[in-house]
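What the coordinates show
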Amino acid sequence: GDITFVELPEKGDQLKKGDSPCVVDSVKAASDVYAPVTGEVTEINQDLDNEPELVNNDAEGDGWFFKLRLSNPDELSGLMAEDKYSSFVENL
């Protein structure tokens, strides 16, 4: 469903891969957002406080949640490439 509310982490939060620093509420349910890698939150998207629908309309652009400074760049090798992720999502 469409995102209606986003709870963001705080700037400076230290996250470990797999932590749940965000919660998104939709019309149907609340869901956790997990950190894909370990690092420090350097920036949060405060626009989501007033416009959570940005996630629905432009998740890979203006609807981003937070930015991290990586603590362990080797963790990036465990992430899917965009084409593999798209195929994975299509098959859910």
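Anyway, here's the lowdown on the structure attached to this text. (Residues numbered from 1 in each chain as written. Predicted model: local features only at pLDDT ≥ 70, side-chain atom pairs only at ≥ 80, totals over all residues. Heavy atoms only, no water.)

Here the structure, examined in full by the defined rule, presents two salt bridges. Glu-40 is paired through a salt bridge with Arg-69; the nearest N and O atoms lie 3.1 Å apart. In this pair, Glu-40 is assigned in strand S5 (residues 39-44) and Arg-69 in strand S6 (residues 66-70), connecting sequence segments 29 residues apart. (Salt bridge = Lys/Arg side-chain N within 4 Å of Asp/Glu carboxyl O. Helix = DSSP H or I, 4+ residues; strand = E, 2+ residues; numbered from the N terminus.)

Pairing is antiparallel across the open sheet formed by three strands, whose spatial order is S2-S5-S6. If you trace the sheet from one side to the other, it starts and ends with strand S2 (14-15) and S6, each paired once. (Pairing = 2+ DSSP bridges.)

Okay, the packing of aromatic side chains next. Taken as a whole and judged by the stated rule, the model has zero aromatic pairs. When the ring centre of Trp-64 is taken as reference, the NZ or CZ atom of Lys-67 above it lies at 4.9 Å. (Phe/Tyr/Trp six-rings, centres within 6.5 Å; stacked < 30°, edge-to-face > 60°. Lys NZ or Arg CZ within 6 Å of the ring centre and 35° of its normal.)

Another aspect to go through is the side chain of Thr-38. As for its placement among the helices and strands, Thr-38 is situated in the loop between strand S4 (30-33) and S5. Given a relative accessible area of 18%, Thr-38 falls into the buried group. From its side chain, Thr-38 meets the backbone nitrogen of Lys-17 in a polar contact 3.0 Å long. Those residues in contact with Thr-38, other than ones at most four positions away along the chain, are Leu-15, Lys-16, Lys-17, Arg-69, Leu-70, Ser-71, Asn-72 and Glu-75. (Buried < 20%, exposed > 50% of the residue type's maximum accessible area, 1.4 Å probe, protein only. Polar contact = N/O pair within 3.5 Å; in protein donor to acceptor, adjacent residues only side chain to side chain. Contact = heavy atoms within 4.5 Å.)

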